[in-house]
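Chain residues, written in single-letter form:
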Amino acid sequence: LGYRAPGGSLTIHTPTILREYGFLYHSNLMGDDIPYFLETPHGPLVEIPTSWQLNDAPFYRHVPGAGNQFASPDRVVGQWVQEFDGMYQENDCYVMIVHPWVSGRASRLAGLERLIRTIRGYPGVWWTTLLDVAKAVGTSVAFSVNLVNQVRRLTRSVLQSGLSRRTQFESA
């Protein structure tokens, strides 16, 4: 079970509430190009980041009074292919946001078909859902949380050790 906030509107409390009610992932933030964990009091929540460059609305949606021009599907698909190529080279997670009322027009659908054909030409691409990404990432939650806790304990121990040595040195 996952969540993407309508219009990207959320609060700092959203991840905690989602995890409290059993959600596995959240997909609204833009803090990285790969999934990461948001720590909550109810355990970690997988964040599957998005990007304005991979959202169809900024390219195609008309905003009255903004003076924006609708982008041509060729330009948009070209940018999406460039984004995919870069993310493929870096082994990142390519997450698109495609709204049916935005990209559902005939010329835009043809552009999406070109994009899909292009991406299919890359070997080893995992076509999947956000839920499957969250499950795959979530299997490493226990390992990650344990590792983070070990690093925190080690850091605390080193700091305390250094402080006690400095205190002994200063008092001598």
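Only a predicted model underlies this, so the values are computations on that prediction, with no experimental measurement involved. (Residues numbered from 1 in each chain as written. Predicted model: local features only at pLDDT ≥ 70, side-chain atom pairs only at ≥ 80, totals over all residues. Heavy atoms only, no water.)

K.L.:
It is not clear to me how the overall build of the protein chain should be interpreted in this structure. Could you clarify?
P.N.:
The helix and strand tally for the protein chain stands at seven helices and four strands. In the protein chain, the order of α-helices and β-strands from amino to carboxyl end is β-α-β-β-β-α-α-α-α-α-α. With 172 residues in all, the protein chain has 30% of them scored as buried. Sequence-distant contacts in the protein chain: of pairs separated by 6 or more residues, those separated by 24 or more amount to 49%. With an accessible surface of roughly 11300 Å², the protein chain has 57% of that area assigned to carbon and sulfur atoms. (Helix = DSSP H or I, 4+ residues; strand = E, 2+ residues; numbered from the N terminus. Buried < 20%, exposed > 50% of the residue type's maximum accessible area, 1.4 Å probe, protein only. Contact = heavy atoms within 4.5 Å. Areas by Shrake-Rupley, 256 points an atom, 1.4 Å probe, with all protein chains shown as cover.)

K.L.:
In this structure, what is going on with the nonpolar core? I would like to understand it.
P.N.:
Generally speaking, soluble globular proteins have nonpolar side chains that are buried together. Formed by 15 residues in total, the largest nonpolar core has its most connected members in Phe-59, Val-76, Trp-80, Tyr-94 and Leu-115. Those elements that provide at least two residues to this core are α2 (57–60), α3 (73–90) and α5 (106–120). The greatest single-element share of this core, amounting to five residues, is contributed by α3. The contacts of Tyr-94, once residues within four sequence positions are left out, are Leu-54, Trp-80, Glu-83, Phe-84, Met-87, Leu-115 and Ile-119. (Core = buried A, V, L, I, M, F, W, Y, C linked by side-chain atoms within 4.5 Å.)

K.L.:
Got a minute to help me understand the packing of aromatic side chains in this structure?
P.N.:
A ring pair, where both rings are aromatic, is described by two values, the distance of the centres and the angle of the planes. Tallying each qualifying case throughout the model produces six aromatic pairs. Centre to centre, the rings of Phe-84 and Tyr-122 are 4.8 Å apart; their planes meet at 80 degrees, and the pair counts as edge-to-face. Taken together, the positions of Phe-84 in helix α3 and Tyr-122 in the loop between α5 and α6 (130–138) put the pair 38 residues apart, joining distant regions of the chain. Accessibility expressed as a relative area gives 7% for Phe-84, which makes it buried. Judged by relative accessible area, which is 18%, Tyr-122 ranks as buried. (Phe/Tyr/Trp six-rings, centres within 6.5 Å; stacked < 30°, edge-to-face > 60°.)

K.L.:
What is the right way to read the packing of α3 against α5 from this model?
P.N.:
Packed helix pairs are specified by the crossing angle of their axes together with the interaxial distance, meaning the distance between the axes. Here α3 crosses α5 at 25 degrees, and the two axes come no closer than 9 Å. Regarding the angle of α3 to α5, the classification is roughly parallel. Both α3 and α5 take part in a crossing whose hand is right-handed. On α5, the residues touching Pro-73, Asp-74, Val-77, Trp-80, Val-81 and Phe-84 of α3 are Ser-107, Arg-108, Gly-111, Leu-112, Arg-114, Leu-115, Thr-118 and Ile-119. Looking at side-chain class alone, the contact of α3 with α5 contains eight nonpolar, three polar and three charged residues. (Axes fitted to C-alpha atoms, helices over the stretch in contact; angles between N-to-C directions. Parallel < 35°, antiparallel > 145°, perpendicular 65-115°, else oblique. Left-handed = near helix turned anticlockwise from the far one by under 90°. Nonpolar A, V, L, I, M, F, W, Y, C, P; charged D, E, K, R; others polar.)

K.L.:
So what exactly am I meant to see when it comes to the environment of Arg-108 here?
P.N.:
Its place among the elements puts Arg-108 in helix α5. Distance in space between the C-alpha atoms of Arg-108 and Asp-74 is 8.8 Å, their sequence separation being 34 residues. Beyond its immediate chain neighbours, meaning those up to four positions away, Arg-108 contacts Tyr-60, Phe-70, Pro-73, Val-102 and Ser-103.

K.L.:
Would you take a moment to explain the sheet that holds strand β3 (residues 36–38) for this structure?
P.N.:
Where strands meet in a sheet, backbone hydrogen bonds hold them as pairs that are either parallel or antiparallel. The sheet built from four strands is open, its strands ordered β1-β2-β4-β3 with mixed pairing. Of all the strands in the sheet, just β1 (2–3) and β3 have a single pairing partner and so form its edges. (Pairing = 2+ DSSP bridges.)

K.L.:
Would you take a moment to explain the side chain of Glu-47 for this structure?
P.N.:
Tracing the sequence through the fold places Glu-47 in strand β4 (residues 45–47). One buried charged side chain, Glu-47, makes no salt bridge at all; its nearest oppositely charged neighbour is Arg-4, positioned 7.6 Å away. At a separation of 2.8 Å, a polar atom in the side chain of Glu-47 contacts the main-chain amide nitrogen of Leu-29. Setting aside its immediate chain neighbours within four residues, Glu-47 contacts His-26, Ser-27, Asn-28, Leu-29, Pro-35, Tyr-36 and Leu-38. (Lys, Arg positive; Asp, Glu negative; His and termini not counted. Salt bridge = Lys/Arg side-chain N within 4 Å of Asp/Glu carboxyl O. Polar contact = N/O pair within 3.5 Å; in protein donor to acceptor, adjacent residues only side chain to side chain.)

K.L.:
I would appreciate a short explanation of α3 in the present structure.
P.N.:
Owing to its 3.6 residues per turn, the α-helix aligns residues three or four sequence positions apart on the same side. In a regular helix each residue adds 1.5 Å, so 18 residues correspond to 26 Å; α3 covers 26 Å between its end C-alpha atoms and thus fits that length. Structurally, α3 contributes buried residues whose contacts are with α2 and α5. Looking at the residues trailing α3, positive phi occurs at Asn-91, about 60 degrees. (Expected span 1.5 Å × (residues − 1).)

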